[in-house]
Structures are given as C-alpha cells and as structure tokens.
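Structural overview
So the chains spell out like this:
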Amino acid sequence: MAFLDWVLHPTELWAAFWYVMRHAPPDEKTVKLQVSGDMKRCYDFLEMTSRSFAAVIQELNPKLRDGICLFYLILRGLDTIEDDMTIPGAKKRDLLESFHKIIYQDGWSFKESGPDEKDALLLVEFEVVVSEFKRLPTEFQDIIADITKRMGSGMAKYTRSRVESLDDYDEYCHFVAGLVGHGLSRLFSESGLEDSSVGENLELANSMGLFLQKTNITRDINEDVIDGRCFWPKAIWAQYADNEEMLISKNNRDNGMKALNEMCANALSHIPDVMVYLGSIHEPSVFRFCAIPQTMAVATIALCYNNSRVLDTNVKIRKGEALKLIAASTDPDSVKRIFYTYLEMIEDKNSPDCSTFEEVRKIVDKTKKDIASTLKGGPPVDFTKEYLVIILFFVSLFTFIYQYNSSRP
C-alpha cells in the first residue's frame, strides 16, 4: 500500500527525498544548534515528544528557538498530566493549577505517571526543563508562566466539567490550544522579530489554536470514544446519538456522519482568521513555524469531511503528503495555494445531501475568493490527473514491452 501511495503521488516521493536530505539526525542537529548539557537534553525530549514540531522549532531564528522549545516542553508536561487517567482527580487538579509555580522549582520531578504515558520520561527528568527555563530572559519567563497558569486552570476546570455547549467547546479549545497561540504571538513580538500588533491581536491567535485543536478533536473521535472520553460538544452529538458510543456505531452511521460534518464545519469556520494571521507574519522562520501546522490541519479536515472512515478508525494524511506540505509551506503565496487546493477538495466532497452543505459552501466560497484575489498568477492548477495518465502510460508501455519480449522465441 505504501509503495502504491508513492507511485500514485510522485511529487510526494520527491518531497520525502528532499526532507531526508535536508534534515539531519537528532544528534547531529543538537551539535549544529551548538547546545550542550541540559539544553541538549531538552532538544532530545523535543525529538522524542514530537518529531514534526521538533523540525520547525529547530529551524527558528535563534532569538526564539530555545524559548519556544522550552515553552513546548512545559506545555507538553502539563498536557501529559491532564491526559493521564491514572492520576486521582484531586491530585491532578492540584498539579495542573500549580504547574506555573512548579516550573520555577529546582529539581522538580514526577514519577507517578501511568504505565501507558508515552511522555512520562519528560516528567521524570523535568528538572532539566526547569533549569533551562530559568535561564531565559525574564520577559520570556513571564509570558510562559502566565500561559501555563491560565492553561492549567482551564484544564483543571474540565477534569470536573463536560463539554456540553458550543461555548464550552470554544472555551475548552481556548484553554488547551488558543492560549498556546496567545503565548507564541506574545513571544514573537517580544523577540522583536514580529510587529507588536501580532502579540496584541489575540483573537486571531486564538483562532490559530482553535483550528488545530478542533481538527484533532474531530479526527480522533473513534480513538477517544474507545478510551472512554469524548470532546465533541454534546450540543452537536446529542442531536444524532443517545450516547457517545452510538456516534461511532455502524448501526447509527447516517446520524454519525451528520455529527461528523457539523464538527468539520465548526473547525472550518476558523480558516478566514488563520489566513489573516498568517498574512501578518513576516520573519521567514516564524512564518514556516506557524504555517506548517495549519497546512497539515487543512489537509486533515479535508480528509475528514464526509468521510465515514473517521468513525471507524484514526485517519491520517499520507506521510508523503505531510512531507510535501512541510516542503511547500515556505511563503504566503505557497500557503494560500495549499489552502485553496484543499478547499477545492472539500468543495468536491460537499454534496447537497450533506446536512452542512450550505454552511460549508459559504465558508469555502468566501475563502477561495479571498485567496484567489491575492494570489500571484491566479488560482492553483491540480496536475494530479495528468501525473496519473503519464504513470499509467509508462506502466502500460513497459508491460507491453515485457510481454512482447517474453513471447518471442
């Protein structure tokens, strides 16, 4: 299947080759970054916890690189505690609400994670993160601590509360992702690499986080329900199912699809803000850092929309597709073309019998028009069909030649 994917998507094969040639192994990277000691260990943890984020963080301007690496690891530690279902509720809430103080405590370590927590080692050796965090400029520390405090408080709230209304859904996503957008935007401005307005227009920054988080929540429904949790708002799923388990039941598939498409439409509503935010970022490494997760998200939501497989398994974009997006997300014009292409895919999947047909059509039409009006050279052209015709031609030609030679005496 993997080989067939490469054959059917030859541009992704080139992207994979480019990625392998351009990105060094983790040990070589930390040497090139000229870090050692605790900070080297922090970059090791960055590689362990997220290979995709590690690549873009390590390519950031040096004024931001270490600060954002540590910001990511601190929030990853916080998230690991929130996700750990083996930690008793009261203790978990205490940890979440005090984590902004913990990041200043020399030698702090947590060794009580559940056996299935893949990032448990980060908490075991968290003293290295604390040590390097305290070496950051005070302005960076203040921003990171403020976001950690607000995020921990929000996470603690939702250990006792369920996501019932659409307002709850927006609030939960704000706590776990929108605040990340706030913190990053403030760090961008504080570094002097971006204009002060980037760190002040936090509504746009919030939408950046919400689009990513809502895409992940939408995609992960099968896995989450099987694990005994659900982050889809009850205001949506209760229209189509008596309980969360019925959402993914094959016996309730038509209704499950209606709920899925409502979730996709909710996520898509943030795309206009995402495009405005990306248009405000000017430093090249910061732009790539912001753009790559967003292009991954639009590819994922395009895959999820009106796709019944989402209810049966955890769907993901192809690895080659992801590498192609990383390679292409280099400048505003390229990113606009990527969004335009995936919006067209959603448009093709948005049949009139979808309950969200009109809502999705309006979002897609408006965003495509906004993008097309600013694109150099007009809307992008998809050559996928032409590639397939060429591939089929050569396969047929080689098959004919092989059979002809085999039949000769």
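Being a predicted model, the structure only gives us computed values, none of them experimental. (Residues numbered from 1 in each chain as written. Predicted model: local features only at pLDDT ≥ 70, side-chain atom pairs only at ≥ 80, totals over all residues. Heavy atoms only, no water.)

Counting its secondary structure elements, the chain contains 23 helices and zero strands. Counting only residues that meet the buried cut, the chain has 51% of its 409 residues in that class. In the structure as shown, the chain presents an accessible area of about 19,800 Å², 55% of it carried by carbon and sulfur atoms. (Helix = DSSP H or I, 4+ residues; strand = E, 2+ residues; numbered from the N terminus. Buried < 20%, exposed > 50% of the residue type's maximum accessible area, 1.4 Å probe, protein only. Areas by Shrake-Rupley, 256 points an atom, 1.4 Å probe, with all protein chains shown as cover.)

Inspection of the secondary structure puts Asn-206 in helix α13 (residues 202-219). On the basis of relative accessibility, which here comes to 16%, the residue Asn-206 falls in the buried class. Asn-206 has contacts with His-174, Gly-178 and His-182, leaving out every residue within four places of it along the chain. (Contact = heavy atoms within 4.5 Å.)

Once that is clear, we can look at the nonpolar core. Of all hydrophobic cores here, the largest spans 124 residues; its most connected members are Phe-126, Phe-188 and Trp-232. Top element by residues in this core is helix α19 (residues 284-304). It accounts for 13 residues. Ignoring sequence-local partners within four residues, the contact set of Trp-232 consists of Val-163, Ile-217, Thr-218, Ile-221, Trp-237, Leu-247, Ala-259, Leu-260, Met-263 and Leu-311. (Core = buried A, V, L, I, M, F, W, Y, C linked by side-chain atoms within 4.5 Å.)

Moving on: the confidence of the model for the chain. Per-chain confidence: the chain averages 88 in pLDDT, with 84% of residues scoring 70 or above. Contacts of residues 1-21 to residues separated by more than four positions or lying in other chains number 25 contacts, the stretch itself having pLDDT below 50. (pLDDT = per-residue confidence, 0-100.)

With that settled, the discussion passes to helix α10 (residues 138-157). End to end, α10 covers 29 Å across 20 residues, agreeing with the expected 28 Å (1.5 Å per residue, within 8%). Close packing links the buried residues of α10 with α6 (62-83), α7 (89-102), α9 (127-133) and α11 (166-191). (Expected span 1.5 Å × (residues − 1).)

What follows is about the side chain of Arg-253. Tracing the backbone through its elements, the reader meets Arg-253 in helix α17 (residues 253-268). Under the relative-accessibility criterion, Arg-253 is labelled buried at 15%. Of the polar contacts made by the side chain of Arg-253, one reaches the backbone oxygen of Ile-248; its length is 3.2 Å. With sequence-adjacent residues up to four places away left out, Arg-253 is seen in contact with Ile-248, Ser-308, Leu-311 and Asp-312. (Polar contact = N/O pair within 3.5 Å; in protein donor to acceptor, adjacent residues only side chain to side chain.)

A few words now on helix α21 (residues 332-349). Working note: α-helix, 3.6 residues per turn, so residues spaced by three or four point in the same direction. With 18 residues, α21 extends 26 Å from end C-alpha to end C-alpha; this agrees with the ideal 26 Å at 1.5 Å per step. Every buried residue of α21 is accounted for by Asp-333, Val-335, Ile-338, Phe-339, Tyr-340, Tyr-342, Leu-343 and Ile-346. On the buried face of α21, the contacting elements are α13, α17, α18 (271-279), α19, α20 (319-328) and α22 (357-372). The opening residue of α21, the one whose side-chain oxygen lies 3.1 Å from the backbone nitrogen of Asp-333, is Asp-331.

Once that is clear, we can look at the packing of aromatic side chains. Scanning the model with the defined rule gives nine aromatic pairs in all. Ring centres of Tyr-158 and Phe-175 lie 6.4 Å apart, and the angle between their planes is 55°; on these two criteria the pair is classed as tilted. Of this pair, Tyr-158 sits in the loop between α10 and α11 while Phe-175 sits in helix α11, placing them 17 residues apart in sequence. (Phe/Tyr/Trp six-rings, centres within 6.5 Å; stacked < 30°, edge-to-face > 60°.)

Put simply, α18 and α19 touch, their axes get as near as 11 Å, and they point 160° apart. Classified by the angle their axes make, α18 and α19 are roughly antiparallel. Of the two possible hands of crossing, α18 and α19 adopt the one that is left-handed. Packed against α18, whose contacting residues are Ile-271, Val-274, Tyr-277 and Leu-278, the element α19 presents Phe-287, Cys-290, Ala-291, Gln-294 and Val-298 at the interface. Class assignment for the residues of the contact of α18 with α19 results in eight nonpolar, one polar and no charged. (Axes fitted to C-alpha atoms, helices over the stretch in contact; angles between N-to-C directions. Parallel < 35°, antiparallel > 145°, perpendicular 65-115°, else oblique. Left-handed = near helix turned anticlockwise from the far one by under 90°. Nonpolar A, V, L, I, M, F, W, Y, C, P; charged D, E, K, R; others polar.)

So, about the packing of helix α4 (residues 37-49) against helix α5 (residues 51-58). Here α4 crosses α5 at 135°, and the two axes come no closer than 6 Å. Comparing the axis directions of α4 and α5 gives the class oblique. Residues Tyr-43, Leu-46, Glu-47 and Thr-49 of α4 form the contact with α5, whose participating residues are Arg-51, Ala-54, Ile-57 and Gln-58. Here the residues of the contact of α4 with α5 sort into four nonpolar, two polar and two charged.

Inspection of the entire model under this criterion finds 27 salt bridges. The shortest N-O distance in the salt bridge between Arg-41 and Glu-125 comes to 3.0 Å. With Arg-41 in helix α4 and Glu-125 in the loop between α8 (120-124) and α9, the pair connects residues that are 84 residues apart, well separated along the chain. Between Glu-321 and Arg-318 there is a salt bridge, with its nearest N and O atoms 3.7 Å apart. The buried category is assigned to Glu-321, whose relative accessible area is 9%. Each of Lys-40, Arg-41, Asp-44 and Glu-125 takes part in a single network of salt bridges with overlapping partners. (Salt bridge = Lys/Arg side-chain N within 4 Å of Asp/Glu carboxyl O.)

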